[in-house]
Amino acid sequence: MNILLAGVGGQGTVLASKLLAQCALDKGEAVHTAETIGMAQRGGSVVSHVRIGAGAFSPLIPKAAADMLIGFEPSEAVRCLPYLKPNGIVIVSTRGIMPTTGAYNPADMLSYLKTVTDSAVFVDAEDVYRVCGSYRPLNIALLGAAAATGKLGFTVSDLERAMRAQMSAKNAEANLPALALAEALK
Amino acid sequence: MSIRLLMGNGAIAEGALAAGVTVATGYPGTPSTEILETIAKIRDKNVYVEWSVNEKAALEVAAGASYAGHRTLVTMKQVGLNVASDPLMSLAYIGVKGGMVVVVADDPGPISSQTEQDTRTFARYSKLPIFDPASPEEAYAMIRDAFDYSEKYSTPVLFRPTTRLSHANAAIDATDERDVRQPEGFVKDPKWVIFPRLSYAAHKAIEERNPAIGEDFSSYRFNTIEGNTSANGTRLGIATGGVSYAYTREALQILGADCRILKIATPYPFPETLAARFLNEVDTVLVLEELDPVIERELIYLCGKLDKSVKILGKGTRHTITSGENSVETVTEQLASFLNCQLSTVNCQLSPPSLPIRPPVLCAGCPHRASFYAVKKAMHGKKAIFSGDIGCYTLGNAQPLDMVDTCLCMGAGITLAQGLSRAEPDATVFAFVGDSTFFASGMTGVVNAVYNKHDMVLVVLDNRITAMTGGQTHPGIGKTLMNEPVPPLNIPAILTAFGITPRVVNPLDHKAAVAAVNEAAAESGVRAIVFEYPCVNVAKPTGCASVDADKCIACGKCVRELGCPALSIDNGQLTIDNQDEKRRVTIDKSLCTGCGLCAQMCPTGAIAEVSE
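Residues numbered from 1 in each chain as written. Chains lettered and ligands numbered in written order. Predicted model: local features only at pLDDT ≥ 70, side-chain atom pairs only at ≥ 80, totals over all residues. Heavy atoms only, no water.

> Would you take a moment to explain the overall build of chain B for this structure?
Along its length, chain B carries 19 helices and 22 strands. Against the compact-globule benchmark of 25 Å for 612 residues, chain B has a radius of gyration of 28 Å, which places it among compact chains. Each of the three principal axes of chain B carries a C-alpha extent, and together these read 80 × 70 × 50 Å. Each of the 612 residues in chain B was classed as buried or not, and the buried ones make up 57%. When contacts within chain B are restricted to residue pairs at least 6 apart in sequence, those whose partners lie at least 24 apart make up 79%. Mean positive and mean negative side-chain charge positions of chain B (55 and 66 charges, respectively) differ by 3 Å. (Helix = DSSP H or I, 4+ residues; strand = E, 2+ residues; numbered from the N terminus. Rg over C-alpha atoms; globule rule 2.2 N^0.38 Å. Buried < 20%, exposed > 50% of the residue type's maximum accessible area, 1.4 Å probe, protein only. Contact = heavy atoms within 4.5 Å. Lys, Arg positive; Asp, Glu negative; His and termini not counted. Charge placed at Lys NZ, Arg CZ, Asp CG, Glu CD.)

Written out as structure tokens, the structure reads:
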């Protein structure tokens, strides 16, 4: 199982990939992840690669090998589409983050995603803001939505356990409503 | 033992602690930073760890402890090795008593660096053994071997992860047990004092020793020959090392192919006996490695030395890339052609809409933006040169700020400015330097400016942290890596002691900041401004700006001049459904920190700071 997380530096892709890896560890599965750290973290395009199961040598997912693409931002999801397997699943936040090089229209990206995949799941960051009072837990909400597809290999309660292992008790508690969001909106 | 998810850098830290490291030093630099941070987090009380002021200091502190028999670890990025090379070159002659491993993280790409230099080449130059792990799992085991070899041959050794390994995570079975050693202590002996006569003897000993280490490495557990020569009678082989080995295995899996592989984990001294055995089995070799053709040249040399007729393909023959990083894709393509395999291509999808360009930028609320903007406004229309340095503030080179005209290496901005002002006497030359860089290698440059009566404006961007690498402490913070309080070194006081009285200003007070720049620019000699305001990752946001839709005329001045990621016009959605609505500036409230810079420069007063 290869999961690619694509977003903008500062959106919390690193924590999300850590949580997925923790879920895999809890199930006794082999896991490799790779992160973008450094200069690109400052508001640039970032990706996290999560590879679960034996037989993965490269820390990075090869092109056209991702079973799931979790897009934290519409244009970043489209940028990483070449990594998605044919018939792979896309989970994407609909809220655009405007680059300083010029604004773009997120709707163009979302309609493109609709045409090239059958199974795109859209997560509205405004729902996260409404429920949690902040956009920060978007990373957790996206994981919740990925689990809700039933194809992540982990359930919401697996993720909750990982959150309690990896985050402070206070942070985990504050982020739980975001995790439950996808199930609640079903 | 317990299976834990460890980052490559974390694995190196855990492995080093398990091997009994008691002194660890380093200077932050991507992709090496997390090694020392991990040690600081999980160390026992008997382990000493520090962020040294720079890499040279780090190496020397560790060497002193190694002289007394302690196992020591030093960490840095590849360009940090340039700073530490003075002590390292001599230490190679002097040697050590306690095992000493110098971890130098290389950055093929480069992803976050000034150069693509290859530490394996530095190993040959300094005549020091080097270890080149292929995965986080291997790094965990190999770091212990590195200490053992260091002690066996009484020499510091280099250990070289690359970005993709340092920042990859793997489930690793790591022990909590620590080797306990009883260091002998420092024993006085003339051998610790470098002198020309001693150096000659040491050099001779090194030249005799290194072939022996190469021989030792021929049976080292991570130098291997594996895989099968192809069934169709062609005698093809692959030679590889580091993360390229992982790419090779993945590519062979994708291609459904097999091949004889020579995996080199110790590029210097080269394991010639093992390599000779491999060369006996093949007619043609493709070398897959990143940066310099190190393995490639060793094999070509060995073919000449042993009079073997084996074709060595790689960078020299342009079968592989000579710069940038490898990937599964590049390696798969090269192997498909080398092994004559069919490479299935993925069908092209509908062509995507044009994607926005998203380069790294200064964060919303970053005080550096305000500092650059103040200097830019003050110097508008005047002849000025802006010399930059290494840190987050290098990003001030991007549009629309465009305030970094030069950037070379740590600390160079200050001294470059001095040369520039001699050559361009009618220009006002500014040198921007961050607080951590000021301590690392900026101070001597300021002394040079004062002593030699240069003409420049030093601008210290003091954001109270080493920001670019993720928030490390430094001598100005008041806290060590082990979380001990220490009196902070005060930059304005240091400058005053140098004979320069700086203007100390909050850059978020735009008027005061511009006034300070104007005053400094009007003077001559060495002048200094210290812009003090903490990094947004240190200070809590003070609030969030809001736009009065009635007052905003969508002139776009804030968006156009500040380049703040929290500002855009209509959030990019003008073209969909709000075309008839009045255009206005939008603040992304997930990013805005309430720094108030946009509010101060808005010509219609449409932006207000709303405190939380």
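> I'm lost on the packing of aromatic side chains in this one. Help?
For any pair of aromatic rings, the description consists of the separation of the ring centres together with the inter-plane angle of the planes. A complete count under the given rule lists 16 aromatic pairs over all chains for this structure. Seen in terms of ring centroids, phenylalanine 131 of chain B and phenylalanine 217 of chain B are 5.5 Å apart; in terms of plane orientation they differ by 80 degrees. Their pairing is edge-to-face. Taken together, the residues phenylalanine 131 of chain B in strand S6 (residues 130-131) and phenylalanine 217 of chain B in helix H8 (residues 196-217) connect sequence positions 86 residues apart. This pair shows no difference in class: phenylalanine 131 of chain B is buried, exactly as phenylalanine 217 of chain B is. Where phenylalanine 186 of chain B meets tryptophan 192 of chain B, the ring centres are 6.1 Å apart and the plane angle is 35 degrees; that geometry is what we call tilted. Taken together, the ring pairs connect Phe131, Tyr149, Tyr153, Phe217, Tyr220 and Phe222 of chain B into an aromatic cluster. We note lysine 589 of chain B situated over the ring of tyrosine 129 of chain A; from NZ or CZ to the ring centre the distance is 4.8 Å. (Phe/Tyr/Trp six-rings, centres within 6.5 Å; stacked < 30°, edge-to-face > 60°. Lys NZ or Arg CZ within 6 Å of the ring centre and 35° of its normal.)

> Explain the pairing of strand S14 (residues 384-387) of chain B to me, please; I cannot follow it from the model alone.
Remark: a regular strand shows side chains that alternate across the two faces of the sheet. Residue and element names in this part refer to chain B. Neither face of S14 is exposed, since Ala384 and Phe386 on one face and Ile385 and Ser387 on the opposite face are all buried. Summarising the sheet, S14 and strand S15 (residues 428-434) pair through four bridges and their orientation is parallel. Looking at S15, one finds that phenylalanine 386 is bridged to phenylalanine 430. (Pairing = 2+ DSSP bridges.)

> Please explain helix H11 (residues 294-306) of chain B as it appears in this structure.
An α-helix turns once every 3.6 residues. As a result, residues three or four positions apart point the same way. Residues and elements named next belong to chain B. An ideal rise of 1.5 Å per residue puts 18 Å on 13 residues; H11 measures up with 18 Å between its terminal C-alpha atoms. For H11, the set of buried residues is Val294, Ile295, Glu296, Glu298, Leu299, Leu302 and Cys303. Structurally, H11 contributes buried residues whose contacts are with helix H5 (119-126), strand S10 (236-240), strand S11 (260-263), helix H10 (272-281), strand S12 (284-288) and strand S13 (311-313). Backbone geometry just downstream of H11 places aspartate 307 in the positive-phi region, at approximately 55 degrees. (Expected span 1.5 Å × (residues − 1).)

> Just to check I follow, could you spell out the interface of chain A and chain B for this structure?
The extent of an interface is frequently quoted as the accessible surface area lost upon association of the parts. Chain A puts 53 residues into the contact, and the matching count from chain B is 56 residues. Along the contact surface separating chain A from chain B lie four salt bridges. Arginine 358 of chain B is the salt-bridge partner of glutamate 73 of chain A, the closest N and O atoms lying 3.1 Å from each other. Across the chain A-chain B interface, the total number found is 17 residue pairs in polar contact (both at pLDDT 80 or more). Sorting elements by how many residues they give to the side of chain A that touches chain B places helix H3 (residues 106-116) of chain A first, with seven residues. Classifying every residue of the side of chain A that touches chain B gives 29 nonpolar, 14 polar and 10 charged. (Salt bridge = Lys/Arg side-chain N within 4 Å of Asp/Glu carboxyl O. Polar contact = N/O pair within 3.5 Å; in protein donor to acceptor, adjacent residues only side chain to side chain. Nonpolar A, V, L, I, M, F, W, Y, C, P; charged D, E, K, R; others polar.)

> Just to check I follow, could you spell out the sheet that holds S13 of chain B for this structure?
Sheets are built from strands paired through backbone hydrogen bonds, the pairs being either parallel or antiparallel. Residues and elements named next belong to chain B. Within the open sheet, the five strands sit side by side as S9-S11-S10-S12-S13. Their pairing is mixed. Each of the sheet's edge strands pairs with one partner strand only, and the pair in question is strand S9 (224-226) and S13. Neighbour to neighbour, the strand axes of the sheet diverge by 20 degrees on average, direction disregarded. Relative to S11, S10 runs parallel, the two being bridged by four bridges. Residue pairing across strands places isoleucine 238 opposite isoleucine 261, the latter belonging to S11. Strands S10, S12 and S13 of the sheet are contacted by helix H12 (residues 328-339), whose axis makes an angle of about 175 degrees with S12. (Axes fitted to C-alpha atoms, helices over the stretch in contact; angles between N-to-C directions.)

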